[in-house]
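Structural features, examined
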Amino acid sequence: MIDISIIIVNYKSWSELNNCLQSIIAINSDRFTLETIVVDNESNDYKINEFKQLFPTVTFIENSGNNGFANGCNLGASIAKGKYLFFLNPDTVINEDAVFKLWKTSNENSNYGIVSCRQTNENYGKYTEIRFFPSFFTLFGYSRVIYRIVNYFHLNNKFNFHKEIVFPDWVTGAAVFISKEWFASVNGWTEKYWLYFEDVDLCKKIKENNGEICLIRTTNIFHKHGGSTRINIKTKALTKTEVLISKHVYFSEHKSGITKHLIQSLLVTSLLFEKLTLAILGLIFFYIPKLKVNIFIFINLIKYYINAISKKTWISPRSVKYLQK
């Protein structure tokens, strides 16, 4: 059996994917074996044929459509031969040391459901390590600030920066290392999300099954900030809208009763007010791209809420599960 199956979901990120695959091919270790699987979510630009020739040792799968990150990950996992699955974004660059530490840590600690590591962006900055599950108390920016202040001592102990390993509530889906056993036990990635929050959801399911989420702070990989989702202004608006949609999906999945209805109502009200205000500013200052994008976000959000009411579901309309509803 192969030790590690690296699974990458791609959508028109060919330049970044090229760098990622080059970094994987450069790994020539006698400590572990690996295979690489790339799932292309119907980029529909014919470049996949070129990449098949450039990287003959990589397995390429052409998905039936742009079915989302979770669907692509599950498709790749379905043919993976490795004992461990390493889900990577195409805009990452990895190294042998990082892969070995992820594999060794996971292999030696069966209670670690997911293992990840530090990520460094193009400005040499490190991504957030203190991540906690969304809740009623962390719904908005100001409430998160209050939550951090109230729980300062608890969070400071949990995320002691002198430790080699910390245990956040969740880690970003850009680098998720998980055994096939753990992956099967939680039924893989939840495909009700099209993009974003599927990583939060996966970690939540691991925690609910008494697993730990581990972040190794002594090794890191490169992750280009927004490299997979910021192709142009409409793509940026689409992905930013999906962040908001996926919040609704998450709370629909993990909350119930009065709490769920209250959170959903507060989200709808606050998001509509916030995005309407920003859309008006976008109309006034249309020549500023960062403001103009809010016009498209507001329109996308209105369409989503109309669909949510008519179909009676919070599932993203872009998700494969939406069509099955």
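What counts and how
- Residues numbered from 1 in each chain as written.
- Predicted model: local features only at pLDDT ≥ 70, side-chain atom pairs only at ≥ 80, totals over all residues.
- Heavy atoms only, no water.
- Core = buried A, V, L, I, M, F, W, Y, C linked by side-chain atoms within 4.5 Å.
- Buried < 20%, exposed > 50% of the residue type's maximum accessible area, 1.4 Å probe, protein only.
- Helix = DSSP H or I, 4+ residues; strand = E, 2+ residues; numbered from the N terminus.
- Phe/Tyr/Trp six-rings, centres within 6.5 Å; stacked < 30°, edge-to-face > 60°.
- Lys NZ or Arg CZ within 6 Å of the ring centre and 35° of its normal.
- Contact = heavy atoms within 4.5 Å.
- Patch = residues over 30% accessible without salt bridge, like charges linked within 9 Å, V, L, I, M, F, W, Y side chains within 5 Å.
- Areas by Shrake-Rupley, 256 points an atom, 1.4 Å probe, with all protein chains shown as cover.
- Salt bridge = Lys/Arg side-chain N within 4 Å of Asp/Glu carboxyl O.
- Pairing = 2+ DSSP bridges.
- Right-handed = clockwise from strand over helix to strand, strands pointing away.

Moving on to the nonpolar core. One finds Leu85, Phe87, Ile114, Ile178 and Trp189 to be the most contacted residues of the largest nonpolar core, which totals 49 residues. For this core, the leading source of residues is helix α9 (residues 233–254), giving six residues. In this structure, Phe60, Trp103, Phe177 and Ile221 belong to the second largest nonpolar core, which totals 33 residues.

Below, the discussion takes up the packing of aromatic side chains. In this structure the tally under the stated criterion is 16 aromatic pairs. Ring centres 5.5 Å apart and planes at 65° place the aromatic pair tyrosine 112 and phenylalanine 167 in the edge-to-face group. Here tyrosine 112, found in strand β6 (residues 112–120), pairs with phenylalanine 167, found in the loop between β7 (165–166) and β8 (175–179); they are 55 residues apart in sequence, far enough to count as distant. A ring pair is formed by phenylalanine 286 and tyrosine 287, whose centres lie 5.7 Å apart and whose planes are at 80°; its orientation type is edge-to-face. The class for phenylalanine 286 is exposed, based on a relative accessible area of 53%. Take tyrosine 287: its relative accessible area is 55%, and that puts it in the exposed class. Here a set of aromatic residues connected by ring pairs shows up, and it is made of Phe69, Phe87, Phe183 and Trp189. Sitting above the plane of the tryptophan 170 ring, arginine 131 keeps its charged end 4.6 Å from the centroid. Sitting over the ring of tryptophan 194, arginine 318 keeps its end group 5.2 Å from the ring centre.

Moving on, we come to helix α8 (residues 198–208). Among the 11 residues in α8, eight count as buried, and that is most of the element. Within α8, burial applies to Glu198, Asp199, Val200, Asp201, Leu202, Cys203, Lys205 and Ile206. On its buried face, α8 is in contact with α3 (69–79), β6, β8, α7 (180–185), β9 (212–223) and α9. Asparagine 210 sits one or two positions beyond α8 and adopts a positive phi of about 65°.

On the surface, Leu276, Ile280, Leu281, Ile284, Phe285, Phe286, Tyr287 and Ile288 cluster together into a nonpolar patch covering about 740 Å² of accessible area. By the element assignment, leucine 281 lies in helix α10 (residues 257–284).

Bringing the environment of asparagine 123 into the picture now. With respect to the helices and strands, the residue asparagine 123 is situated in the loop between β6 and α5 (141–150). According to the relative accessible area criterion, asparagine 123 is exposed, its value standing at 63%. Along the sequence, asparagine 123 and leucine 271 sit 148 residues apart, while their C-alpha atoms lie 31 Å from each other.

Of all seven residues making up strand β2 (residues 34–40), six are buried, and the element is well covered by its neighbours. The sheet contact formed by strand β1 (residues 2–10) and β2 spans seven bridges and is parallel. Along β2, the bridge assignment pairs valine 9 with valine 39. Sheet topology note: the β2/strand β3 (residues 59–62) ladder contains four bridges and is parallel. Each residue of the ladder has a partner; that of valine 38, found in β3, is phenylalanine 60. The parallel pair β2 and β3, bridged by helix α2 (residues 47–54), forms a crossover whose chirality is right-handed.

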